[in-house]
Amino acid sequence: MSTHLSCGIVGLPNIGKSTLFNALTKMMIAANNFPFCTIEPNTGIVDVPDPHIKMLSDLSKSEKCVYATITFIDIAGLVKGASQGAGLGNKFLSNIRETDLIIHVVRCFDDINVTHVDGKVDPIADAETINLELILADLQMAENSKEKLLKKYRSQKERPKSIEILEKVIQHLYLEKPLRSLDLSYEELEELKIFPFLTLKKMIYVANIDEKDIQAGENSYSKALQEFADKTNATMVTISAKIEQEIAGLPDEDALEYLASLGIAEKGLTKLIQTAFKQLGLITYYTTGDKETRAWTIAKGSKAPVAAGKIHSDLQKGFIRAEVISFKDMLLYKNRADAKKAGVAKMEGKDYIVKEDDVILFYTSS
């Protein structure tokens, strides 16, 4: 998996997908009140909000700041029958396959002025509609893949383990359950990596609630969706896409002040990104100096040479050691020299596992 996070935003038509996308990316794509207003997927790359960058930059007097980025892809609204091609479903499902994580926006608000594709607001039915289409697409792929493998190894006594695993997958999908809720071993997951199953991807449900419910942070619709998410091994974030769009063009200070007046502590974008990082097992480390302060995104559990390779492959090849200071200690001692004197700057070797918020200086042979 790439550590440049790519999130596909999916959902039924008219549930607030494009409004959320506009808010997240500040790209004002028309969000019209009729089905299939999004045909080609819209893509936006945005900086990951990170106050640590500014703090480190001030300490180092950096000429520039470089934030980690996240890509959001607004994929057209899916409908019943998408797995069979309805509503250009095959094209849209292909768009989803190319993403690392699925953000499933579900309508959790009443508004007589916004048409619902099924004529009524029912978040669980909406979520089940999308899930079933993803499950059916996976089932078709699993059965086709199994058939091809059986033909390929028909004359051989031993069959590859992947056939047995695909049989397990097919049985689970027939129960109309996503593959992320199937108990799979590490070895089985490795075997399945060659098959781009949609329901193996991590999923975040976004409960799109009304402005009047934002202070409470929930309503009866979002409560029901939370229970549904828990049952399908997914997670949920509650957002008012309308409010997020309203503050999208405001300076950060004004946006946070407005949110505070509504009883909200942080932007929906921040909450969504934090949840996405957690779901995908990603962490951030930093490099800082007079030229630039930069955030780097790596998989949790990565060793120091791998982290160095994020900067440049030559740094990984020629890795000798890494000087590591925690962000907290860097903030306390202000610079590397004083951190060294205090004994909190650690020299680490190739087996060091990088931690969240490490501030690192790499030493190489080149």
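Just above sits the structure.
So, how was this worked out
Residues numbered from 1 in each chain as written. Predicted model: local features only at pLDDT ≥ 70, side-chain atom pairs only at ≥ 80, totals over all residues. Heavy atoms only, no water. Helix = DSSP H or I, 4+ residues; strand = E, 2+ residues; numbered from the N terminus. Areas by Shrake-Rupley, 256 points an atom, 1.4 Å probe, with all protein chains shown as cover. Pairing = 2+ DSSP bridges. Axes fitted to C-alpha atoms, helices over the stretch in contact; angles between N-to-C directions. Contact = heavy atoms within 4.5 Å. Buried < 20%, exposed > 50% of the residue type's maximum accessible area, 1.4 Å probe, protein only. Parallel < 35°, antiparallel > 145°, perpendicular 65-115°, else oblique. Left-handed = near helix turned anticlockwise from the far one by under 90°. Nonpolar A, V, L, I, M, F, W, Y, C, P; charged D, E, K, R; others polar. Phe/Tyr/Trp six-rings, centres within 6.5 Å; stacked < 30°, edge-to-face > 60°. Salt bridge = Lys/Arg side-chain N within 4 Å of Asp/Glu carboxyl O.

## Things to note about the overall build of the protein chain
Logical step 1: Each helix and strand in the protein chain was counted, giving 14 helices and twelve strands.
Logical step 2: For the protein chain, the exposed area adds up to about 18,300 Å²; of that, 51% sits on carbon and sulfur atoms.

## Section: the sheet that holds strand 4 (residues 69-74)
Logical step 1: The strand order 2-4-1-5-6-7 describes an open sheet built from six strands, whose pairing is mixed. A single partner strand is all that each edge strand has here, and the edge strands are strand 2 (42-47) and strand 7 (235-239). Neighbour to neighbour, the strand axes of the sheet diverge by 25 degrees on average, direction disregarded.
Logical step 2: Here strand 6 (residues 202-209) runs beside strand 7; their pairing, made up of five bridges, is parallel. By the bridge assignment, Val206 is partnered in strand 7 with Val237.
Logical step 3: Sheet contacts for helix 7 (residues 220-231): strand 5 (101-108), strand 6 and strand 7; angle to strand 6, the most-contacted strand, approximately 170 degrees.

## A look at the pairing of strand 4
Logical step 1: Burial analysis of strand 4 places five of its six residues in the buried class, which makes it a mostly covered element.
Logical step 2: In terms of strand pairing, strand 1 (residues 5-10) meets strand 4 through five bridges, oriented parallel. Following the sheet pairing, Gly8 is matched in strand 4 by Ile73.
Logical step 3: Bridge count for strand 2 against strand 4 is six bridges, and the pairing is antiparallel. Among the inter-strand pairings, Thr43 is bridged to a residue of strand 4, identified as Ile73.

## Considerations on helix 1 (residues 17-25)
Each α-helix turn comprises 3.6 residues. Residues three or four places apart therefore point the same way.
Logical step 1: With nine of its nine residues buried, helix 1 lies for the most part within the structure.
Logical step 2: After helix 1 finishes, the residue Lys26 shows a positive phi value of roughly 60 degrees.

## A word on the packing of helix 4 (residues 123-152) against helix 5 (residues 161-174)
Logical step 1: Two elements in contact, helix 4 and helix 5, have axes separated by 9 Å at closest approach and are oriented at 150 degrees. Classified by the interaxial angle, the pair formed by helix 4 and helix 5 is roughly antiparallel. Crossing of helix 4 over helix 5 shows left-handed handedness. Contact residues: Ile135, Asp138, Leu139, Ala142, Glu143, Ser145, Lys146, Leu149 and Leu150 in helix 4; Ser162, Ile163, Leu166, Glu167, Val169, Ile170, Leu173 and Tyr174 in helix 5.
Logical step 2: Looking at the contact of helix 4 with helix 5, its residues break down into eleven nonpolar, two polar and four charged.

## Digging into the packing of aromatic side chains
One pair of aromatic rings is described through two measures. These are the centre distance and the angle between the planes.
Logical step 1: Evaluated as defined, the whole model comprises six aromatic pairs.
Logical step 2: Between Tyr285 and Trp296, the aromatic rings sit 6.5 Å apart at their centres with planes inclined by 20 degrees, giving stacked as the arrangement. Note that Tyr285 is positioned in strand 8 (residues 282-288) and Trp296 in strand 9 (residues 292-299), a separation of eleven residues in sequence. Across this residue pair, the class does not change: Tyr285 and Trp296 are buried.
Logical step 3: Each ring, one from Phe319 and one from Phe362, has its centre 6.3 Å from the other, and the planes form 65 degrees; the classification is edge-to-face. Linking Phe319 in strand 10 (residues 319-326) with Phe362 in strand 12 (residues 358-364), this pair joins segments that are 43 residues apart in sequence. Both residues of the pair, Phe319 and Phe362, count as buried.
Logical step 4: These aromatic residues form a ring-pair network of at least three members: Tyr285, Trp296, Phe319 and Phe362.

## As for unusual backbone geometry
Logical step 1: Of note, the phi angle at Lys61 is positive, near 55 degrees, even though the residue is not glycine.
Logical step 2: In this structure, Lys61 sits in the loop between helix 2 (51-60) and strand 3 (64-66).
Logical step 3: Phi angles above zero are rare outside glycine, and Asn233 is one such case at about 55 degrees.
Logical step 4: By the secondary structure assignment, Asn233 is in the loop between helix 7 and strand 7.

## Some thoughts on the packing of helix 4 against helix 7
Logical step 1: In the contact formed by helix 4 and helix 7, the axes pass within 9 Å of each other and the chain directions differ by 40 degrees. Mapping the contact onto sequence places Pro123, Ile124, Ala127, Glu128 and Asn131 in helix 4 and Tyr221, Ala224, Leu225 and Phe228 in helix 7.
Logical step 2: Within the contact of helix 4 with helix 7, the residues separate by chemical class into seven nonpolar, one polar and one charged.

## Observations regarding the pattern of salt bridges
Oppositely charged side chains can pair when the atoms bearing their charge come close.
Logical step 1: By the definition in use, this model includes 15 salt bridges.
Logical step 2: A salt bridge links Asp213 to Lys212; its shortest N-O distance comes to 3.5 Å.
Logical step 3: A relative accessible area of 15% means that Asp213 is categorised as buried.
Logical step 4: For Lys212, a relative accessible area of 66% translates into the label exposed.
Logical step 5: In this structure, Asp252 and Lys267 form a salt bridge, with 2.7 Å as the shortest nitrogen-oxygen distance.

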